[in-house]
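# Examining the three-dimensional arrangement
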Amino acid sequence: VQLVESGGGLVQAGGSLRLSCTASGTIFSRDTMAWYRQAPGKQRELVASITAEGATNYADSVRGRFTISRDNAKDTVYLQMSSLKPEDTADYYCSAEEHSPAGSLEFWGQGTLVTVSS
C-alpha cells in the first residue's frame, strides 16, 4: 500500500489549504481513511477520519474548520482546512486502515508539512 500526500505549504493565519492523499495497492473504497498531524515536540494526533460508508469524525480542535472527504473513483482522500491557526502547524499524515476478518492493518504516508504564520 502506498499513500502519497500533497497540498501542504505555508499559509497565513485565517487562510485555507486543501490536502490530498492518493492511495494505491489497496481497495480504497473499503478502507477507513484518516488524517493525523504531529507538531514539533508533540505526539501524533488524529485530525479527522472517514469510513468507507462516509461517516466522519473530527478532533474538537478542528471541528467546524476542517472537512474530510473522499473520492473513491480517484482513490483519494482530501482534507479541506479553513480558518487556519498557527497551532495547526504540523506535519500532516494520511492513513489507510484495511479491514478484514483477520483484523485491521494501517498504512501511512510520508507526510506533508503545513505551516501557518501569524
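Here's what I pulled together on the structure shown here. All values derive from a computational prediction rather than experimental measurement. (Residues numbered from 1 in each chain as written. Predicted model: local features only at pLDDT ≥ 70, side-chain atom pairs only at ≥ 80, totals over all residues. Heavy atoms only, no water.)

One can find Gly111 in the loop between strand 10 (103-108) and strand 11 (112-117). Among the residues examined, Gly111 registers a relative accessible area of 18% and is labelled buried. Considering only alpha carbons, one finds Gly111 and Ser6, 105 residues apart in sequence, at a separation of 8.3 Å. Gly111 has contacts with Glu5, Tyr92 and Tyr93, leaving out every residue within four places of it along the chain. (Helix = DSSP H or I, 4+ residues; strand = E, 2+ residues; numbered from the N terminus. Buried < 20%, exposed > 50% of the residue type's maximum accessible area, 1.4 Å probe, protein only. Contact = heavy atoms within 4.5 Å.)

Turning to the environment of Trp35, a few remarks are in order. Relative to the helices and strands, Trp35 resides in strand 4 (residues 32-38). Given the relative accessible area of 0%, Trp35 is considered buried. Considering only alpha carbons, one finds Trp35 and Val47, 12 residues apart in sequence, at a separation of 5.5 Å.

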